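Analysis of the macromolecular model
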Amino acid sequence: MCVVNIRVAAQTELPFLRENDSHIADEELVSVVRRGRILVAEDSGNPIGWLRWGLFWDEIPFMNMLTVLSSNRGQGIGSALVRYWETQMRRAGYSTVLTSTLADESAQNFYRAMGYVDAGVLLLPGEPSEIFLRRELDTAPEMTDPHITRE
């Protein structure tokens, strides 16, 4: 596993994120960064991956995007981002997290290897099935952090 620094994205990452994440409108990206809902993995001060999340049904943490630059894949960076995010969600008192991936993408195997289980499928006309995956988090009282709050 590669050792990287993982932290909440700052406004200074906006150019990097805009350049590399075409799945979110610019104004929404600014809002998500402001709300602290993007984690950045960096190596020697350079961003090499990120995890963007929101709340499904306004109450369940949902990982919208997990990306590691192609030159840095296969080093455990994606796993580290997911585990860091899960720890933060657990400390905020959440007991479940969700994500999804297209049925024709190999990411489903990555998430299942990390303990995610199938939770349903969304069918849209002319698109591959969207597989929803769920992971239950251990929320023992000693794992909660009063400085991290749920919204």
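Residues numbered from 1 in each chain as written. Predicted model: local features only at pLDDT ≥ 70, side-chain atom pairs only at ≥ 80, totals over all residues. Heavy atoms only, no water.

1. Topic: the overall build of the chain
Selection rule: By definition, any uninterrupted DSSP run of H or I lasting at least four residues is a helix, any uninterrupted run of E lasting at least two residues is a strand, and each is numbered from the N terminus. The contact criterion used throughout is that any non-hydrogen atoms of two residues lie within 4.5 Å. We get accessible surface area from the Shrake-Rupley algorithm with a probe of 1.4 Å; when it comes to residues, only the shown protein chains can shield them.
Looking only at helices and strands, the chain has 4 helices and 7 strands in total. In sequence order, the chain lays out its α and β elements as β-α-α-β-β-β-α-β-α-β-β. Taking contacts inside the chain between residues at least 6 apart in sequence as the whole, the part at least 24 apart equals 56%. In the structure as shown, the chain presents an accessible area of about 8,300 Å², 50% of it carried by carbon and sulfur atoms.

2. Notes on helix 3 (residues 77-91)
Selection rule: Expected span of a helix: the number of residues minus one, times 1.5 Å.
Over its 15 residues, helix 3 extends 21 Å from the first C-alpha to the last, a length consistent with the 21 Å expected when each residue adds 1.5 Å. Once helix 3 ends, the next one or two residues include Gly93, with phi positive near 95°.

3. A look at the nonpolar core
Rules: The criterion is simple. A nonpolar core is a set of buried Ala, Val, Leu, Ile, Met, Phe, Trp, Tyr and Cys residues joined through side-chain atoms within 4.5 Å. Relative accessibility under 20% of the residue-type maximum defines a buried residue, over 50% an exposed one, and the middle range a partly exposed one, all with a 1.4 Å probe and only protein chains included.
With 24 residues, the main nonpolar core has Leu51, Met63, Leu81, Trp85, Met89 and Tyr116 as its most contacted residues. Of all the secondary structure elements, the ones that give two or more residues to this core are strand 2 (38-43), strand 3 (46-56), strand 4 (60-68), helix 3 and strand 7 (130-136). A total of 6 residues in this core trace back to one element, the largest contributor, which is helix 3. Dropping the residues within four chain positions of it, Met63 is found in contact with Leu51, Arg52, Trp53, Val82, Trp85, Leu98, Thr99, Ser100, Tyr111 and Tyr116. Ranked by size, the runner-up nonpolar core spans 13 residues in total, among them Leu17, Leu29, Ile38 and Met65.

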